[in-house]
Amino acid sequence: MSNTFGSKASQTIRTFPWRKNTIYIAFILTLIFFSITLGDLGFNQPGNLLNIARQCSSIAVMAVMMTFVIATAEIDLSVGSVAGLSSVIAANALQSYGLVIGVAAGLSTGLVLGIITGLLVAVFKVPSFLVTLGMLGLVEGGARWYTSSLPVAIGNSTFNSIFGGGQVGPIPGLLFWSLGATFIGAFVLNHTKFGRQVLATGGSLLAAKYTGVNTAKIKFWVLVGSGVCASLAGLLYAGRLESGRFQWGQGDALSVIAAVILGGTSLFGGRGAVFGSFVGAFFIGLVNNGLILAGLDVSQQQVVQGAIIVIAVILSRKD
Amino acid sequence: MPTLVELKGIRKSFSGVTVLKGVDFSLNSGEVHALVGGNGAGKSTLMKILMGVYTCDEGEIMIEGSSFQFKNSLEARKAGIGMVFQEFSLIPNLTVAQNIFLTNEFTKKFGFISEKRAQKKTLEIFESMGVEIDPNAAVGGLSTALQQLTEIAKALAQNARILILDEPTSSLASDEAQALFGLIRRLQDRGLGIIYISHRMDEIFTIAQRVTVIRNGQKVMDSQTSSLGSLDVIEAIVGHKMEETLEWQKRNSQVDSKVLLSAQSVSDGKKIKDLSFELREGEILGFAGLMGSGRTEVLNMIYGITPTQHGKIFVEGKQVSLKNIQRAIGLGIALVPEDRRKYGLVLRHSVSDNLTLPSLQGLQTFGILRKDKIQNYISSMIEKFSIKAQNKKNDVVLLSGGNQQKVVIAKWFGTNPKIMMMDEPTAGVDIETKVEILNTIRKFADEGKGVLFVSSELPELLAVCDRILVLRDGEVSQDLLRENIPTEEFLQLAMQRSTHE
């Protein structure tokens, strides 16, 4: 009797979709762990959790389109630097031309860079890994050069409220941006022709092509989308920190990719989980926050983050 | 004749499902023993037990009189069992000799590898096989046929006394297959025993002395081929009487005079040179020809994969430029490609996602995919093509080869094409599924659509085609109406003759 129960239980354990749900389990366990160990340091307070939501909003927004990019079996390493450049361009345009032009200028930055990346990958068939690695340096250097490494302050309070500190009731506006992007992304991936074609392209490029999917077009649009999302993330940095600076978003690509892979998207393409990516981003924010509260310094945080990425990649080997 | 292999009462189950229910099998020295059965009948499980990949739950394995329990394939190889895999297990950038003696290298003093001895030994083996291959050639640069011979040489180098050949002719041209049969006969004379796995009846009767049929994990036939006809074997495989679907049938409808597709002296600048043909409504047009005659390339050109360099293509009387696949699909052309796993399916996606991929446009309202429409569509396709999938949410890679092929065919029929192009649509598919596929093609043509049918299996071409074009070097060398082809030999001769003119 106990034997059949045991085998049933073991079968349930074996057939449970662990890979798909890893992030939710990890998230809850980490939350419980920090609540117990860091409870008296203020981890549990709702203010702290909302603060985490604010801090990880940019990562979460970039993770939405990164999910598409990785599901297509491509990669975008340039997201962080695109966010940084967008933040300084938006900040300058805001000062000179006001809110609308400022936002438009910021978003156009990612649009233009995304189109360049997309064309190089889709039309000229350069691997996205190389294109975006080049773009990462190029764009970051550009932003630094353009601002002479100086921050550009943003005095426009409407902007700072919409893209930063604004609240709807007790809920930070930034959470609306990240959740909004996530909902739209999840809907597009799961319920539209485009989403299905993205997954098919990543699942088998040749089979998708032979079935009539314009795989070059799909790759182009996901990379353009990734550029635009990176710009939006840059605006969220600018609004939250009330300035544009080339450093905003620096090194984010790794966190974004880790969030996406932890969330259940296959590093080899063909499977994507947008909600998982959101929780992945929140998870990374949670860990950082916990480590700061525990008194670890930046270098130690970096070590833990590196470890998380390694774990994420190990997980993705099991696809 | 001494007995080489004796399998007695082999039973095997996987997580509660019994795959083999006490199967006996024996192989004598100097014998070619064909092992056949539908997909999932258990023949590959049986062979994997003999090769030490699986261990059996019950039963006995005797090799040359002594009992074995193989723990891994290395032990089986040591006992004299050689296997030539369907997908070759050779390393492309190593040379022929290096591959043959991989992990078995001749060593000199201090453990250095002696390439010279390996080369010499390789030449000896090739000589005994009666083939000529340069031991220093990189395997990746060899043709499929030569790679296969290398694979056989590798087994012989390990002193294999028992050779398992799994669908060995599936990627060979017919003259290459003949050469392989010659080799098999020579090995037989040397006293080797050969287990020959194949779906092709004509081959089994050409090369094998004995045939064992496995159905549902049980042996249902073990007889000398000389006392059988191919229908006997087919019936044993399927388990009931077959209608004569594999024979030519008079079609229910007539071929229309309206031309659906016409090519006028087209070329792709490579294999296809100055090729012209017409496909009419309701017609099944076959392409026959040896490997490299341009059969597949014609389909690829019409599908927009390789661009048309010269000549004109007309679809329903209008001249078209088939620049890419989307254009071809837009004109109502579909292709069931030769390699379904590579080009036909997203293996890690579900049956349902694969079926809907080319038809998403019609399954949405205002840009949003409709779950209800998709459900209905999938259910009707699964029923219509009798696709056997435990769950339509399961990955298509879990299906048997025949069912995978049904998914590929179903997904294209779902787009309602006017012209269906099929490249070896029954390769690696069991007989029952083959019959279903051929019937589907006939029905499709009866609706007034056109079919371009490429196959290297002549009985199959003769069973469904209304007209057969014999290709040679990218040109049509003969245009034969089905009723003017009396026998398979006639067609075979037409193909051969066209190479030796």
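The rules behind the values
- Residues numbered from 1 in each chain as written.
- Chains lettered and ligands numbered in written order.
- Predicted model: local features only at pLDDT ≥ 70, side-chain atom pairs only at ≥ 80, totals over all residues.
- Helix = DSSP H or I, 4+ residues; strand = E, 2+ residues; numbered from the N terminus.
- Rg over C-alpha atoms; globule rule 2.2 N^0.38 Å.
- Buried ≥ 20, exposed ≤ 12 C-beta atoms within 10 Å, placed from the backbone.
- Contact = placed C-beta atoms within 7 Å.
- Nonpolar A, V, L, I, M, F, W, Y, C, P; charged D, E, K, R; others polar.
- Core = buried A, V, L, I, M, F, W, Y, C linked by C-beta atoms within 7 Å.
- Pairing = 2+ DSSP bridges.
- pLDDT = per-residue confidence, 0-100.
- Axes fitted to C-alpha atoms, helices over the stretch in contact; angles between N-to-C directions.
- Expected span 1.5 Å × (residues − 1).
- Arc of directions from axis to C-beta.
- Parallel < 35°, antiparallel > 145°, perpendicular 65-115°, else oblique.
- Left-handed = near helix turned anticlockwise from the far one by under 90°.

## Concerning the overall build of chain B
Within chain B one finds 17 helices and 22 strands. Here chain B has a C-alpha radius of gyration of 24 Å; the compact-globule value for 501 residues is 23 Å, and the two agree. Expressed as a percentage of its 501 residues, the buried residues of chain B come to 46%. Partitioning the intrachain contacts of chain B with sequence separation of at least 6 by distance along the chain shows that 67% fall at a separation of at least 24.

## Let's talk about the overall build of chain A
Across its full length, chain A carries 15 helices and four strands. Compactness check: chain A gives a C-alpha radius of gyration of 20 Å against a globular reference of 20 Å for 319 residues, within 12% of the reference. Dimensions along the principal axes, computed over C-alpha positions, put chain A at roughly 75 × 60 × 35 Å. Per-residue burial for chain A yields a buried fraction of 50% across its 319 residues. Contacts in chain A between residues far apart in sequence, at least 24 positions, make up 80% of those at least 6 positions apart.

## As for the interface of chain A and chain B
Contact residues are listed per partner, giving 17 residues for chain A and 22 residues for chain B. Elements with a minimum of two residues in the side of chain A that touches chain B: α10 (193-203) and α11 (205-210) of chain A. Class assignment for the residues of the side of chain A that touches chain B results in six nonpolar, eight polar and three charged.

## Examining the nonpolar core
Here is a general trend for soluble globular proteins: nonpolar side chains tend to be buried in one another's company. Counting residues in hydrophobic clusters, the biggest one holds 234 residues, and the most contacted among them are A:Met62, A:Ala63, B:Met421 and B:Phe453. Broken down by element, the residue count for this core peaks at 14 residues, all from helix α12 (residues 215-241) of chain A. Ignoring anything within four residues of it in the chain, the contact list for A:Ala63 reads A:Val256, A:Ala259, A:Val260, A:Ser277, A:Phe278, A:Gly280 and A:Ala281.

## Considerations on the pairing of strand β7 (residues 162-166) of chain B
All names here are of chain B. Most of β7 sits inside the fold, with four of its five residues counted as buried. Sheet topology places strand β6 (residues 81-84) next to β7; four bridges connect them, and they run parallel. Considered in β7, the bridge of valine 84 is made with leucine 165.

## Quick look at unusual backbone geometry
Trans peptide bonds make up most of the peptide bonds, and negative phi angles are found at most residues other than glycine. All names here are of chain B. The backbone phi angle of phenylalanine 366 is positive, close to 50°, even though this residue is not glycine. When you line up the elements, phenylalanine 366 lands in the loop between β17 (364-365) and β18 (368-369). The phi angle at glutamate 424 is positive, at roughly 45°, despite the residue not being glycine. Locating glutamate 424 in the fold gives a position in the loop between β19 (419-423) and α15 (431-446). We classify glutamate 424 as buried; it has 23 C-beta atoms within 10 Å.

## A closer look at the confidence of the model for chain B
Averaged over all residues, the pLDDT of chain B equals 87, while 95% of them reach at least 70. No element of chain B has a lower mean pLDDT than helix α17 (residues 488-500) of chain B, which averages 70, and none a higher one than strand β16 (residues 333-336) of chain B, which averages 96.

## Points about the sheet that holds strand β14 (residues 310-315) of chain B
All names here are of chain B. Strand order in the open sheet formed by four strands is β12-β11-β14-β15, with antiparallel pairing between adjacent strands. Taken across any chain shown, the strands that pair with only one partner, and hence form the sheet edges, are β12 (275-280) and β15 (318-320). Mean inter-strand twist for the sheet, computed between neighbouring axes without regard to direction, equals 20°. Summarising the sheet, strand β11 (residues 259-267) and β14 pair through five bridges and their orientation is antiparallel. Bridging from a neighbouring strand, serine 267 pairs with histidine 310 of β14.

## Digging into the environment of B:Val220
All names here are of chain B. The topology assignment puts valine 220 in strand β10 (residues 218-224). Distance from valine 220 to valine 23, taken between C-alpha atoms, is 9.5 Å for residues 197 residues apart in sequence. Those residues in contact with valine 220, other than ones at most four positions away along the chain, are Val213, Arg215 and Ala236.

## Some details on helix α6 (residues 174-189) of chain B
Residues and elements named next belong to chain B. Look at α6: 23 Å from first C-alpha to last across 16 residues, which is about the 22 Å you get at 1.5 Å a residue. For α6, every residue scored as buried is listed here: Ala177, Leu180, Ile184 and Leu187. The arc enclosing the buried residues of α6, seen along the axis, measures out at 75°, which places them on a common side. Of the exposed residues in α6, the ones pointing more than 90 degrees away from its buried face are Arg185 and Asp189. Looking at the buried positions of α6, the neighbouring elements they touch are β3 (32-36), β7, β8 (193-197) and α7 (201-207). With its phi angle positive at about 95°, glycine 191 sits one or two positions after the end of α6.

## Some remarks on the packing of helix α9 (residues 173-191) of chain A against α10(A)
All names here are of chain A. The geometry of α9 relative to α10 is characterised by a closest axis approach of 5 Å and an angle of 75° between their N-to-C directions. Between α9 and α10, the angle falls in the class roughly perpendicular. Every residue of α10 that contacts α9 at Val188, Leu189, Asn190 and His191 is listed here: Phe194, Gly195 and Val198. Tallied by class, residues from the contact of α9 with α10 come to four nonpolar, three polar and no charged.

## What about the packing of helix α5 (residues 79-97) of chain A against helix α6 (residues 99-122) of chain A?
Residue and element names in this part refer to chain A. In contact at an axis separation of 7 Å, α5 and α6 are set at 155° when each is read in the N-to-C sense. Between α5 and α6, the angle falls in the class roughly antiparallel. For α5 against α6, the interelement crossing comes out right-handed. From α5, Val82, Leu85, Ser86, Ile89, Ala90, Ala93, Leu94 and Tyr97 reach across to α6, where they touch Leu99, Ile101, Gly102, Val103, Ala105, Gly106, Thr109, Gly110 and Leu113. Residues that form the contact of α5 with α6 fall into these classes: twelve nonpolar, five polar and no charged.

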